[in-house]
Amino acid sequence: MAKTISCGGLNMPTVGLGTWEARDDSEIETALNAALELGYRHIDTAAAYGNEHVIGKVLKKWFDSGKLSRDDLFIVTKLPAPGIHPDRVEKYLTKSLADLQLDYLDLYLIHFPVGIKEGEGPPQFEKEEHKALWQNMEKQVDAGRTKTIGLSNFNVKQIDKFLKFARIKPACNQIELHVFLQQPELVQFCQKNNIVVTAYSPLGNPGYNTFLKRIGVEERTDLVNVLTNPIITEIAKKHNRSNAQVALRFLIQKNTVVIPKSVNPARIKSNFELYDFSLDDADMKKIETLDIGEAARIVDWRVYPKIDEQPEYPFAKK
Ligand code: A2P
């Protein structure tokens, strides 16, 4: 079993199954069944991933079989870009619950600080209304649709603003985090304010070019690689572990939560075996030197053209 960390007063398992770009129904089914058999109890998804309905079907089977009950699990999903408007929170959350076949979520996140208008065609951006948006997120907790609420992809300045007006403080900020993009200031700021940091793409997303290819965007040649990095390889050899396990263990020792995505049962298993070894101070220091900051950011939201021109775009402009 993964250890847990307090997230808005709930016990959140520190290792969860990531599901972004898990697209094939039978692949998701196999992956989720394997993960639940192995002891994963934290599942991360998003309306934008288009797989909530498949996850919902698998979960229902587990509940019906009596092997698991709802309160054994920590389920996280996210308000998608067209829902990021004060008037549309409830509609999108209700849809996610229906697809997941659940009565409540453990954690509901605003997927990104910038919302878009509903409808087809090139994205039209919404005017930022974070305070009213958050008040509607809070109402979802009051209504029992989610136990707690949080953010994803928000920066220090934005979170600071939320802390000033929030009645229910954000319990989590889910951000891209891996050995090459360590974001120490953002992590420390969140942790100082009791906001759990969840690391997405904790392995540096080795499958990112496959995603770009699928959406018809030119593949990138500048991507960092955890799996072949010589320093990670050296530390992995020393502990008789895989590079992936070392990269994940590093994040856990920084008190962050990891959600490695995999649809491969063998990798799902090894990504979960993080608590029977530890990195020493020298290992941690060596890995800290791998941080190259923004240049290592992989997940690029500019697949929404001009998103980086919006006032609430959270990242440094490249
Ligand atoms: P797959 O689903 O075929 O296992 P991240 O979580 O950083 O975004 O990384 C996800 C990508 O890394 C996916 O392409 C996934 O492929 C691959 N992956 C997941 N776990 C491992 C592992 N232990 N070793 C190598 N690749 C992995």
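The structure presented is a predicted model; accordingly, all values stated were derived computationally and were not measured.

## Here's the deal with the overall build of the protein chain
And then number 1: Looking only at helices and strands, one finds 11 helices and 10 strands in the protein chain.
And then number 2: For 318 residues, the compact-globule estimate of 2.2 N^0.38 gives 20 Å, and the protein chain sits close to it at 19 Å.
And then number 3: Each of the three principal axes of the protein chain carries a C-alpha extent, and together these read 55 × 50 × 40 Å.
And then number 4: Residue burial in the protein chain is summarised as follows: out of 318 residues, 44% are buried.
And then number 5: A separation threshold of at least 6 residues defines the contact pool for the protein chain, and within that pool the share at least 24 residues apart is 72%.

## Focus on the UniProt feature "domain: NADP-dependent oxidoreductase" (unreviewed entry) in the protein chain
And then number 1: UniProt tags residues 15-291 as "domain: NADP-dependent oxidoreductase" (unreviewed entry).
And then number 2: A helix fraction of 41% and a strand fraction of 13% characterise residues 15-291, whose end C-alpha atoms lie 22 Å from each other.

## Considerations on the site of the ligand
And then number 1: If you check the shell around the ligand, you find 19 residues, and the closest are Leu 203, Asn 205, Gly 207, Ala 244 and Ser 262.
And then number 2: Considered class by class, the residues forming the shell around the ligand number seven nonpolar, 10 polar and two charged.

## A few points about the sheet that holds strand S8 (residues 172-176)
Within a beta sheet, neighbouring strands are joined by backbone hydrogen bonds and run either parallel or antiparallel to one another.
And then number 1: The sheet built from eight strands is open, its strands ordered S3-S4-S5-S6-S7-S8-S9-S10 with parallel pairing. In the strand order of this sheet, the two ends are held by strand S3 (17-18) and strand S10 (257-258), each with one partner.
And then number 2: Those strands touched by helix H4 (residues 130-142) are strand S6 (105-110) and strand S7 (146-152), and its axis lies near 155° from that of S7.

## Thoughts on the UniProt feature "active site" (unreviewed entry) in the protein chain
And then number 1: UniProt's feature table lists "active site" (unreviewed entry) at Tyr 49, given in the numbering used throughout.
And then number 2: Looking at the secondary structure, you find Tyr 49 in the loop between strand S4 (42-44) and helix H2 (52-65).
And then number 3: A count of 21 C-beta atoms within 10 Å places Tyr 49 in the buried class.
And then number 4: Excluding residues within four positions of it along the chain, Tyr 49 makes contact with Thr 19 and Trp 20.

## Digging into unusual backbone geometry
And then number 1: One non-glycine residue with positive phi stands out, namely Asn 194, at about 60°.
And then number 2: Turning to its location among the elements, Asn 194 is positioned in the loop between helix H6 (184-192) and strand S9 (196-200).
And then number 3: A positive phi angle, near 55°, is found at Asn 240, a position not held by glycine.
And then number 4: Checked against the element boundaries, Asn 240 lands in the loop between helix H8 (230-239) and helix H9 (243-253).
And then number 5: The exposure class assigned to Asn 240 is exposed, which follows from the 8 C-beta atoms found within 10 Å.

## Considering the packing of H8 against H9
And then number 1: Two numbers describe how H8 lies on H9: the axes approach to 8 Å, and their chain directions differ by 95°. By the criterion of interaxial angle, the relationship of H8 to H9 is roughly perpendicular. Contacts between H8 and H9 pair Ile 232, Thr 233, Ile 235, Ala 236 and His 239 from the former with Asn 243, Val 246 and Ala 247 from the latter.
And then number 2: Residues belonging to the contact of H8 with H9 are distributed by class as follows: five nonpolar, three polar and no charged.

## A closer look at the environment of Glu 27
And then number 1: With respect to the element layout, Glu 27 can be found in helix H1 (residues 25-38).
And then number 2: Separated by 156 residues in the primary sequence, Glu 27 and Gln 183 have C-alpha atoms spaced 33 Å apart.
And then number 3: Apart from the residues lying within four places of it in its own chain, the contact partners of Glu 27 are Ala 22 and Val 263.

## Describing the pairing of S8
On any regular strand, side chains alternate: one points to one face of the sheet, the next to the other face.
And then number 1: Extensive coverage of S8 is indicated by the burial of five of its five residues.
And then number 2: By the bridge criterion, two bridges tie S7 to S8 in an arrangement that is parallel. Bridge pairing in S8 places Ser 152 opposite Gln 174.
And then number 3: Between the parallel elements S7 and S8, the chain passes through helix H5 (residues 156-165) in a crossover that is right-handed.

## Things to note about the environment of Arg 302
And then number 1: With respect to the helices, strands and loops of the structure, Arg 302 is situated in the segment after helix H11 (281-288).
And then number 2: A residue is classified by how many C-beta atoms lie within 10 Å of it, and Arg 302, with 14 of them, is partly exposed.
And then number 3: Setting aside chain neighbours within four positions, we find Arg 302 in contact with Ile 307 and Asp 308.

## Points about H2
And then number 1: With 14 residues, H2 extends 20 Å between its outermost C-alpha atoms, agreeing within 8% with the 20 Å of an ideal straight helix rising 1.5 Å per residue.
And then number 2: Residues of H2 that are buried include every one of Glu 52, Val 54, Ile 55, Val 58 and Leu 59, and no others. Buried residues along H2 cover an arc of 165° about the axis, so they all sit on one side.
And then number 3: On the buried face of H2, the contacting elements are H1, S4, strand S5 (74-79) and helix H3 (89-100).

## Focus: the packing of H2 against H3
And then number 1: In the contact formed by H2 and H3, the axes pass within 6 Å of each other and the chain directions differ by 45°. Put simply, H2 runs oblique to H3. Together, Glu 52, His 53, Ile 55, Gly 56 and Leu 59 of H2 and Ser 96, Asp 99 and Leu 100 of H3 make up the contact between the two elements.
And then number 2: Residues of the contact of H2 with H3, tallied by class, amount to three nonpolar, three polar and two charged.

About the thresholds
- Residues numbered from 1 in each chain as written.
- Predicted model: local features only at pLDDT ≥ 70, side-chain atom pairs only at ≥ 80, totals over all residues.
- Helix = DSSP H or I, 4+ residues; strand = E, 2+ residues; numbered from the N terminus.
- Rg over C-alpha atoms; globule rule 2.2 N^0.38 Å.
- Buried ≥ 20, exposed ≤ 12 C-beta atoms within 10 Å, placed from the backbone.
- Contact = placed C-beta atoms within 7 Å.
- UniProt positions renumbered as here; feature names shortened; annotations may be inferred.
- Near = placed C-beta within 6 Å.
- Nonpolar A, V, L, I, M, F, W, Y, C, P; charged D, E, K, R; others polar.
- Pairing = 2+ DSSP bridges.
- Axes fitted to C-alpha atoms, helices over the stretch in contact; angles between N-to-C directions.
- Parallel < 35°, antiparallel > 145°, perpendicular 65-115°, else oblique.
- Right-handed = clockwise from strand over helix to strand, strands pointing away.
- Expected span 1.5 Å × (residues − 1).
- Arc of directions from axis to C-beta.

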